[in-house]
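Reading the structure
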Amino acid sequence: MEIRKPAQAGTMESGDVYVTVEPSTAEEPEITLESLVLEQYGHQILQTIRETLEICRVTGVKMTVRDRGALEYAIRSRVETALLRAGEEE
Amino acid sequence: MKGLRRSMLFVPGNHPGMIQNADIYGSDSIIFDLEDAVSLQEKDSARLLVKHALRKIDFGETERVVRINPLDTGCGTQDLKMMVAAGPDALMIPKATARRLIEADLMVGEIEAALGGNRQPLAFIPIIESAVAVEEINELLKASSRIVAALLGGEDLTADLGIQRTKAGDELLYARSRVAMACCACGVDAIDTPYADTMDDEGLAKDTAKGKTVGFTGKAAIHPLQIEVIHRVYAPSEAEIHEARQIIRAMKQAEREGKGAVAVDGRMVDAPIILRAEKLLQQAKAMGVHDMTDNVNGGA
């Protein structure tokens, strides 16, 4: 999937995650993660994000993820939504 | 006895905090709403959120239903395709007509066949929310063998009729009676329309009782606090359970004595009354308010 434009998904409500994506020329995905539980669960959250990127076959993306205590299913879902929106043609 | 469907709680399909906690409120069913609770701009987001939630979260014994968008919209078709694979227990189909249910049945059948495996066939719960749907209800309920219940949509129906929706609900009397009767004839559950005022428990209890009186077997809820009231109305009272036990006891006594007629407190009790008593005790047991073995087989 090619990232064609900036896009967002999710909200800053408790239990959710807000994801913004934009195209990038870098080979590897650039991921910035903000979370109150970064120390405890940052590794797992990043793993979930990377797995979703792999499933969606995305490269060349710059992503910011602001976690508000989201469970894994919500993280996967919002990342996938943001990527699909970013991959849509104008 | 099939699972209870006394209460069906609507949960916005784009709200993770509500989705993942939905089963703690004790409703018999959860309806993940992709339609009215989700803005047009977020339909794609909600669809994916519910898909992932269904795959990952264990909701225990609670029935998982997804209200998709109307099937004459692009969103509706996309919802249907994604949800068949996600595997809820049932799809709730808005603006239902006999024709749309036949089309949905074909679509879902093709997707299930393509997916293969030992899948439980996806059930349908059509929403009866137009004058056409009310009038063709018998044909509609027979349009698909997947139909397990029907929900009366009072708000949309009154809008279709161009009349006011009121707390008293008199404007729904014909529709309620017709839907409940048809559901009973077709052997499916009849679910009453939600009560909009979430702060009015007394009004909710009266409205729920009205539906129960004409034959509804459950009611939709739009707030967790409504569930307890709905369950209370649909639970048999102690007096009803006591009377039902007396009837069953008298029936068994008559059988032992080889008598054809059954009498309780001087009243003759015939087959339909015995059947009603048996059903009531089964429902009470399923709701956890009665132990069917308690004194029913013994003497007086």
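Just so it is clear, the structure is predicted and the values come from calculations on it, not from any experiment.

**Section: the environment of A:Arg68**
Residues and elements named next belong to chain A. In this fold, Arg68 is placed in the loop between strand E4 (61–67) and helix H2 (72–87). A residue is classified by how much of its surface remains accessible, and Arg68, at 37% relative accessible area, is partly exposed. Separated by 46 residues in sequence, Arg68 and Glu22 have C-alpha atoms that sit 21 Å apart. Residues contacting Arg68, with those up to four places away along its chain left out, are Met12, Glu13, Ser14, Gly15, Asp16 and Val17. Among the polar contacts listed, one links the side chain of Arg68 to the backbone oxygen of Met12, at a separation of 2.8 Å.

**Some details on the UniProt feature "modified residue: O-(phosphoribosyl dephospho-coenzyme A)serine" (unreviewed entry) in chain A**
When the UniProt feature table is mapped onto this chain numbering, "modified residue: O-(phosphoribosyl dephospho-coenzyme A)serine" (unreviewed entry) sits at A:Ser14. The topology assignment puts A:Ser14 in the loop between strand E1 (7–9) and strand E2 (17–23). The exposed category is assigned to A:Ser14, whose relative accessible area is 57%. For A:Ser14, the contacting residues outside a window of four places in its chain are A:Arg68 and B:Gly17.

**Quick notes on the confidence of the model for chain B**
When pLDDT is averaged along chain B, the result is 92, and 96% of the positions lie at 70 or above. Reported confidences for the modelled complex are a pTM of 0.90 and an ipTM of 0.95.

**Notes on the packing of aromatic side chains**
All names here are of chain B. According to the stated counting rule, one finds 1 aromatic pair over all chains in the structure shown. Ring centres of Phe32 and Phe59 lie 5.3 Å apart, and the angle between their planes is 55°; this geometry places the pair in the tilted category. Of this pair, Phe32 sits in strand E2 (residues 29–33) while Phe59 sits in the loop between helix H2 (43–56) and strand E3 (63–67); the two residues are 27 residues apart in sequence, bridging distant segments of the chain. Here the two residues Phe32 and Phe59 agree in accessibility, since each one is buried. It is Arg146 that lies over the ring of Phe124; its NZ or CZ is 5.7 Å from the centre.

**Here we look at the sheet that holds E1(A)**
Whether parallel or antiparallel, the strands of a sheet pair through hydrogen bonds between backbone atoms. Residues and elements named next belong to chain A. The strand order E1-E2-E4-E3 describes an open sheet built from 4 strands, whose pairing is mixed. Every other strand in the sheet has two partners, leaving E1 and strand E3 (30–34) as the edge strands with one partner each. Neighbour-to-neighbour, the strand axes of the sheet open up by a mean angle of 10°, direction not taken into account. Where E2 meets E4, 7 bridges bridge the pair, whose relative direction is antiparallel. Bridged to Glu22 within E4 is Lys62. Together, E3 and E4 form the strand contacts of helix H1 (residues 38–55), whose direction differs from that of E3 by roughly 145°.

**A few points about the interface of chain A and chain B**
On the chain B side, the residues contacting the 15 residues of chain A number 17 residues. Carbon and sulfur atoms make up 49% of the surface buried where chain A meets chain B, a total of about 1,300 Å² over both sides. Linking chain A with chain B are 4 salt bridges, by the criterion used here. Here B:Glu42 ties to A:Arg85 by a salt bridge, and the two come within 3.3 Å at their closest N and O atoms. The interface formed by chain A and chain B contains 10 residue pairs in polar contact (both at pLDDT 80 or more). Tallied by class, the residues present in the side of chain A that touches chain B amount to 4 nonpolar, 4 polar and 7 charged.

**Some points on the sheet that holds strand E7 (residues 189–192) of chain B**
All names here are of chain B. Sheet architecture is closed into a barrel: 8 strands sit in the order E1-E2-E3-E4-E5-E6-E7-E8, paired in parallel fashion. This sheet shows a mean twist of 25° between the axes of neighbouring strands, independent of strand direction. Summarising the sheet, E7 and strand E8 (residues 218–221) pair through 2 bridges and their orientation is parallel. Across the sheet, residue Asp192 finds its bridge partner in E8, namely Lys219. Packing of helix H10 (residues 225–234) onto the sheet brings it into contact with strand E1 (7–12) and E8, and relative to E8 it is tilted by some 175°.

So, how was this worked out
Residues numbered from 1 in each chain as written. Chains lettered and ligands numbered in written order. Predicted model: local features only at pLDDT ≥ 70, side-chain atom pairs only at ≥ 80, totals over all residues. Heavy atoms only, no water. Helix = DSSP H or I, 4+ residues; strand = E, 2+ residues; numbered from the N terminus. Buried < 20%, exposed > 50% of the residue type's maximum accessible area, 1.4 Å probe, protein only. Contact = heavy atoms within 4.5 Å. Polar contact = N/O pair within 3.5 Å; in protein donor to acceptor, adjacent residues only side chain to side chain. UniProt positions renumbered as here; feature names shortened; annotations may be inferred. pLDDT = per-residue confidence, 0-100. Phe/Tyr/Trp six-rings, centres within 6.5 Å; stacked < 30°, edge-to-face > 60°. Lys NZ or Arg CZ within 6 Å of the ring centre and 35° of its normal. Pairing = 2+ DSSP bridges. Axes fitted to C-alpha atoms, helices over the stretch in contact; angles between N-to-C directions. Buried area = accessible area lost by both parts, 1.4 Å probe. Salt bridge = Lys/Arg side-chain N within 4 Å of Asp/Glu carboxyl O. Nonpolar A, V, L, I, M, F, W, Y, C, P; charged D, E, K, R; others polar.

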